[in-house]
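Letter by letter, the chains look like this.
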Amino acid sequence: MKSFLLLVLSLSVSVGYAQQAIGMRFATDIHFFPRSKDYDLVPKAFTTGVFGIYYNNYRPNSGFEIGLNVNYKDGNGKGFPSLPVVMQDYGSDSQNVGYLGAEMDLKVGPRLGVLYPKIGYILGYRFTQLGFQNIRDEPINPWYLMLPFGVSTNLPTRWGTVGFGGFYNVGVLNVLQDPFPRDGSIYDGGREHYISIEITVAYEVRN
């Protein structure tokens, strides 16, 4: 009972002060392509592992977070071995996606106690993008722009915070490149969506 009261007290204190921290993010992204059959994109989900660093600055009621991430899944057995569950294909045996991206993200939102609802953007570039299509081999757009919607929590520790979060990320840019970019028409090359599940560890540089 005493431990529970101390936890409640520490959470209550954390609500009222500003936070400024540098942290690390460990996450897995669950990717899928809506209307995959229309573009011959892989029909089943696959996961990638994410490692990143970030900076956040929160006042008692709102704030922002900016970070850099590496997003990875081995697809040809020649790179760093993929980890089970967090870097895995969930389709048939023939589905084997390779993914290596570098991305920058910016999220903003209110602060509701220890809950942090966030929206923003993620801008990334894929250096490796293998196995996105089943049969066809059309050029894939290496740039991607995602709009994240979600919530995270930052629980106080003696040295900073430990947090958890979940986000639904909506793709804005086409997955497939426009084969006729100069004809002036609006091209629909499919979209990438993914769900992010993250764990964060941050060191407070000021509070």
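Look up: the structure comes first, before these words.
Before going into details, it helps to say that this report is about the structure given with it.

Conventions we followed
Residues numbered from 1 in each chain as written. Predicted model: local features only at pLDDT ≥ 70, side-chain atom pairs only at ≥ 80, totals over all residues. Heavy atoms only, no water. Phe/Tyr/Trp six-rings, centres within 6.5 Å; stacked < 30°, edge-to-face > 60°. Helix = DSSP H or I, 4+ residues; strand = E, 2+ residues; numbered from the N terminus. Buried < 20%, exposed > 50% of the residue type's maximum accessible area, 1.4 Å probe, protein only. Lys NZ or Arg CZ within 6 Å of the ring centre and 35° of its normal. Contact = heavy atoms within 4.5 Å. Salt bridge = Lys/Arg side-chain N within 4 Å of Asp/Glu carboxyl O. Pairing = 2+ DSSP bridges.

## Re the packing of aromatic side chains
No. 1: The full count for this structure, using the stated rule, is 13 aromatic pairs.
No. 2: Plain terms: the ring middles of F46 and F132 are 6.3 Å apart, the flat faces sit at 45° to each other, and that makes the pair tilted. Here F132 lies in the loop between β5 (115–130) and β6 (143–156) and F46 lies in strand β2 (residues 46–58), a separation of 86 residues in the sequence. Across the pair, F132 and F46 agree in class, each one buried.
No. 3: Judged by centre distance (5.2 Å) and plane angle (70°), the ring pair of Y125 and F127 falls under edge-to-face.
No. 4: Look at F127 and you get exposed, because its relative accessible area is 58%.
No. 5: The rings of F33, F46, Y99, F132 and Y144 are connected pair by pair, giving a single aromatic cluster.
No. 6: Lying over the aromatic face of F167, K107 brings its terminal NZ or CZ to 5.1 Å of the ring centre.

## Examining the environment of N134
No. 1: Topologically, N134 is positioned in the loop between β5 and β6.
No. 2: C-alpha of N134 to C-alpha of Y39: the two residues are 95 residues apart in sequence and 9.5 Å apart in space.
No. 3: If we ignore the near neighbours within four places in the chain, the residues touching N134 are D40, L41, V42 and P43.

## Some words on the pattern of salt bridges
No. 1: One pass over the structure, following the stated rule, counts 11 salt bridges.
No. 2: Between D105 and R25 there is a salt bridge; the shortest N-O distance is 3.6 Å. In this pair, D105 is assigned in strand β4 (residues 98–110) and R25 in strand β1 (residues 19–32), connecting sequence segments 80 residues apart. Here D105 matches R25 in class, with each residue buried.
No. 3: For the salt bridge of E192 with R126, the shortest nitrogen-to-oxygen distance reads 2.5 Å. Highlighted residues: E192 in the loop between β7 (160–171) and β8 (193–206) and R126 in strand β5, separated in sequence by 66 residues.
No. 4: Judged by its relative accessible area of 2%, E192 falls in the buried class.

## Details of the pairing of β5
Looking down a regular strand, the side chains alternate between one sheet face and the other.
No. 1: Two elements, β4 and β5, share 11 bridges in a ladder whose sense is antiparallel. What sits directly across from G98, in β5, is L130.
No. 2: In this structure, the hairpin formed by β4 and β5 is closed by a connection of four residues, where G113 is found at a positive phi of approximately 70°.
No. 3: Bridging between β5 and β6 involves nine bridges; their strand directions are antiparallel. In the strand pairing of β6, I122 is matched with M146.

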